[in-house]
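Fold and contact review
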Amino acid sequence: TSSDEGIAPPPFSLGAGNLMPPSPRPAVHPEVQAERAFKPVIVIDPGHGGHDSGAKKNGAVEKEIVLAFGKILRDKLEATGRYRVLMTRDKDVFVPLGERVDFAERNKANLFIAVHCDYAGRAGASGATIYSLRDSVAQSLRRSTKGSLASKILSRDEIKAVKKASGDVDAVKSILADLAGREVDVTTERTSAFARSVIANMGATTNMRQDPDKQASFRVLKTAQFPSVLIELAYVTNKEDAKRLQSDTWRNKVSDSIMTAVEKYFSNQLAQLPM
């Protein structure tokens, strides 16, 4: 008789006979897959630095407070593993205003958060304020998008390609400029949504000004490429505010609230993608 020694047993004898193939998972929209794999870029911009100390009063020095706060917020956001977080400065150096925005644009930021402390002539002024781009500046950005930028919206090679295909260069430029103008509108809407979320969440952890949602034309807010806000944490000229600004416990609570606003903002952006 022949021996079966050395012959591998059939697969079902290894316990594989009862295994069932995994159930198919529902298809995920490609845009949702891309969004999940993508880490949004968040730029934190601690104001002042170097020779520019910013506001000083009651032992509080703005450039030091906002740098320390920015690092805490950065570390919390990075710890989630969901974001790429950059800082315009991570040490005591001066960065010109224009370079701060350029840095964010070069790194294709998806959100820009400038952090400052407030100063007032009266000691009673107190609380946090959130600034976003003034409507008049947003309108100016729209005009420039449809005007001067429209002439530069196609490269020479692209113009040649359009001429070869259809010859209607002006029509293509107009369409692209219109789309760029709509991007300004979308960015403005997203900025407003994020600002409201910051106010709602910060309000649970610190005192806010009576009307904390403000508009301004600060240079660091003058961009149409990404939502951006400027957060005035509190007043150095108010003794109680100054104490809060220098408190590790307060910084931890408030940075948590801003992180929550960031999380909600990007969760909402993901939820709006078509499935």
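All values reported here derive from a predicted model rather than from experimental measurement.

**Quick look at the overall build of the protein**
Summing up its helical and strand segments, the protein has eight helices and eight strands in all. Residue burial in the protein is summarised as follows: out of 275 residues, 42% are buried. In the protein, 80% of the contacts between residues at least 6 apart in sequence involve partners at least 24 apart. Total accessible area computed for the protein in this model is approximately 15700 Å², and 51% of it derives from carbon and sulfur atoms.

**Focus: the confidence of the model for the protein**
Overall, the predicted model of the protein reaches an average pLDDT of 77, with 60% of residues at or above 70. Note on residues 145-154: pLDDT is under 50 here. Beyond four places in sequence and across chains, it has 22 contacts.

**Quick word on the pattern of salt bridges**
Within this structure, the stated rule accounts for eight salt bridges. Measuring nitrogen to oxygen at the nearest pair gives 3.9 Å for the salt bridge that ties Asp-248 to Arg-251. Of the two residues, Asp-248 and Arg-251 are both situated in helix H8 (residues 248-271); the distance of three residues between them amounts to about one turn of the helix. When its relative accessible area of 58% is taken as the criterion, Asp-248 is described as exposed. In this structure Arg-251 comes out as buried when scored by relative accessible area, which is 12%.

**Points about the packing of aromatic side chains**
Under the defined criterion, the tally for this structure stands at four aromatic pairs. Ring geometry for Phe-194 and Tyr-265: centres 5.6 Å apart, planes at 70°, overall edge-to-face. Taken together, the residues Phe-194 in helix H6 (residues 169-202) and Tyr-265 in helix H8 connect sequence positions 71 residues apart. In terms of burial, Phe-194 and Tyr-265 fall into one category: buried. Residues Tyr-265 and Phe-266 carry aromatic rings whose centres are separated by 4.9 Å and whose planes lie at 75° to one another, so their mutual orientation is edge-to-face.

**Here we look at the environment of Asp-256**
Relative to the elements of secondary structure, Asp-256 occurs in helix H8. With 55 residues separating them along the chain, Asp-256 and Asn-201 place their C-alpha atoms 8.9 Å apart.

**Some points on the environment of Asn-110**
Inspection of the secondary structure puts Asn-110 in the loop between helix H3 (97-106) and strand S5 (111-118). With 26 residues separating them in the primary sequence, Asn-110 and Arg-84 have C-alpha atoms 9.9 Å apart. Sequence-distant contacts of Asn-110, that is, excluding residues within four places in its chain, are made with Phe-38, Pro-40, Val-41, Phe-226, Pro-227 and Phe-266.

**Section: the side chain of Lys-76**
Turning to its location among the elements, Lys-76 is positioned in helix H2 (residues 62-79). Aside from chain neighbours lying at most four places away, what touches Lys-76 is Asn-252, Ser-255, Asp-256 and Met-259.

**Digging into H3**
Within H3 the residues assigned to the buried category are Gly-98, Arg-100, Val-101 and Ala-104. In an axial view of H3, the angular spread of the buried residues amounts to 160°, which keeps them on one side of the axis. Buried-residue contacts for H3 involve strand S1 (41-46) and S5. At the exit of H3 stands Lys-108, carrying a positive phi of roughly 50°.

**Describing H2**
The terminal C-alpha atoms of H2, which comprises 18 residues, lie 26 Å apart, in line with the 26 Å expected from a rise of 1.5 Å per residue. Residues of H2 that are buried include every one of Glu-62, Lys-63, Ile-65, Val-66, Leu-67, Phe-69, Gly-70, Leu-73, Arg-74, Lys-76 and Leu-77, and no others. The first or second residue beyond H2 is Gly-81, which carries a positive phi of 75°.

**As for unusual backbone geometry**
Phi is positive for His-48, close to 60°, though the residue is something other than glycine. Along the chain, His-48 falls in the loop between S1 and strand S2 (56-57). A positive phi angle, close to 50°, is found at Lys-108, a residue other than glycine. Mapped onto the secondary structure, Lys-108 falls in the loop between H3 and S5.

What counts, and at which threshold
Residues numbered from 1 in each chain as written. Predicted model: local features only at pLDDT ≥ 70, side-chain atom pairs only at ≥ 80, totals over all residues. Heavy atoms only, no water. Helix = DSSP H or I, 4+ residues; strand = E, 2+ residues; numbered from the N terminus. Buried < 20%, exposed > 50% of the residue type's maximum accessible area, 1.4 Å probe, protein only. Contact = heavy atoms within 4.5 Å. Areas by Shrake-Rupley, 256 points an atom, 1.4 Å probe, with all protein chains shown as cover. pLDDT = per-residue confidence, 0-100. Salt bridge = Lys/Arg side-chain N within 4 Å of Asp/Glu carboxyl O. Phe/Tyr/Trp six-rings, centres within 6.5 Å; stacked < 30°, edge-to-face > 60°. Arc of directions from axis to C-beta. Expected span 1.5 Å × (residues − 1).

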